[in-house]
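Observations on chain architecture
Next come the chains, spelled out residue by residue.
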Amino acid sequence: IPRDNTVTMSSSASTMVHPKVVLPGDDVTRTVMETKHKMKPKLGAGLSMKSCVDDDSDKKIVATMAGRLEHRRSNNTWFVLHNAKRYIPAIEDRVLGVVEDRAGSDGGADVYRVNIGGPHPAMLSSMAFEGATKRNRPQFDTGTLIYARLISDGSIMDPTLS
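The structure contained in this document is the topic of the report that follows. Computed from a prediction, not measured in an experiment: that's the story for all the values here.

The subject of this paragraph is a nonpolar patch on the surface. There is a patch of nonpolar side chains on the surface, built from L96, V98, L145 and Y147 and spanning about 440 Å² of accessible area. Only β7 (94–106) and β10 (145–152) provide two or more residues apiece to the nonpolar patch. Tracing the sequence through the fold places L145 in strand β10.

Okay, structure coming up:
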């Protein structure tokens, strides 16, 4: 679907289809406000009201996720229809994760809790790195970005990274 500023509407009773594809940060204020409806427009998932830096009274509506801009006529609600699914970890997946916390120690090795975007945080031992010893092991701060491989998928316990 081409990204353009034109919006065409079908004659569907409950939902009007818009071929307008939006990306995070796209300004959709004009499209939302130009709707001829008795009720004030409501913002649903994927849209938010932002204040402009220059003028506090001037607000704009921006997309917060990628997808197709949709409008429900019955209650004048605008939202972004997206195809986002939750990540389910699988063994041997290569993942990017963010260190959330140091969970504790395991026989002299630090264990880190890493957010990989799944239903549960993954665990990463500092001894899982090649060449790591008790004296020479990596130390991570909260917020550190890590590229790792899943060695257990977390079907019984939390996923484990290597």
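So, about the environment of K38. Looking at where K38 falls in the secondary structure, it is placed in the loop between α1 (29–33) and β2 (42–43). By relative accessible area, which is 88% here, K38 ends up exposed. For K38 and N76, which are 38 residues apart along the polypeptide, the C-alpha to C-alpha distance reads 8.6 Å.

To continue, consider the packing of aromatic side chains. Summed over the entire model, instances satisfying the criterion amount to two aromatic pairs. On the numbers, 5.3 Å between centres and 75° between planes, the contact of Y112 with F140 is edge-to-face. In this pair, Y112 sits in strand β8 (residues 109–115) while F140 sits in the loop between β9 (122–125) and β10, placing the two residues 28 residues apart along the sequence. For the pair F129 and F140, a centre-to-centre distance of 5.7 Å together with 45° between the ring planes defines the contact as tilted. You can see F129 sitting in the loop between β9 and β10 and its partner F140 sitting in the loop between β9 and β10, a full eleven residues away along the chain. A network of ring pairs unites the aromatic residues Y112, F129 and F140 as a single cluster.

So, on to the nonpolar core. Core analysis: the largest hydrophobic core is formed by eleven residues, namely V95, V99, Y112, V114, I116, A122, L124, I146, A148, L150 and L161. Put simply, the parts of the chain that give this core at least two residues each are β7, β8, β9 and β10. For this core, the element with the most residues is β10, which contributes three residues. Discounting residues that sit within four places of it in the chain, I116 has contacts with Y87, P89, V95, L96, G97, A122, L150 and L161.

For N76, which is not glycine, the phi torsion reads 55° and is therefore positive. Relative to the helices and strands, N76 is located in the loop between β5 (67–72) and β6 (77–81). On the basis of relative accessibility, which here comes to 1%, the residue N76 falls in the buried class. Positioned with a positive phi, E92 is a non-glycine residue whose angle comes to about 75°. Positionally, E92 belongs in the loop between β6 and β7. Given the relative accessible area of 45%, E92 is considered partly exposed.

Cut-offs and rules
- Throughout this description, residue numbers start from 1 for each chain and increase along the sequence as written.
- Selection of residues for local features in this predicted model requires a pLDDT of at least 70, selection of side-chain atom pairs for listing and counting requires 80 or more, and totals for whole chains, interfaces and linings are taken over all residues.
- Neither water nor hydrogens contribute to the side-chain values; these are computed over all heavy atoms in the structure.
- What goes into a patch is any residue over 30% in relative accessible area without a salt bridge, connected to like charges within 9 Å or, for nonpolar side chains (Val, Leu, Ile, Met, Phe, Trp, Tyr), within 5 Å.
- Here the accessible surface of atoms and residues is derived via Shrake-Rupley with a 1.4 Å probe, and residues count as covered only by protein chains that are part of the display.
- What makes a salt bridge here is a side-chain nitrogen of Lys or Arg within 4 Å of a carboxyl oxygen of Asp or Glu, nothing more.
- In this text, helices come from DSSP runs of H or I with a minimum length of four residues, and strands from runs of E with a minimum of two, each type numbered from the N-terminal end.
- Three labels apply to residues, based on accessible area from a 1.4 Å probe with only protein chains included: buried if under 20% of the type maximum, exposed if over 50%, partly exposed otherwise in between.
- Pairing of aromatic side chains here covers Phe, Tyr and the six-membered ring of Trp, requires ring centres within 6.5 Å, and sorts the geometry by plane angle: under 30 degrees stacked, over 60 edge-to-face, intermediate tilted.
- Nonpolar cores were defined as sets of buried Ala, Val, Leu, Ile, Met, Phe, Trp, Tyr and Cys residues, with membership established by side-chain atoms within 4.5 Å.
- It only takes one pair of heavy atoms within 4.5 Å for two residues to be counted as in contact.

Without other data, these values stay purely geometric and don't point to any function.
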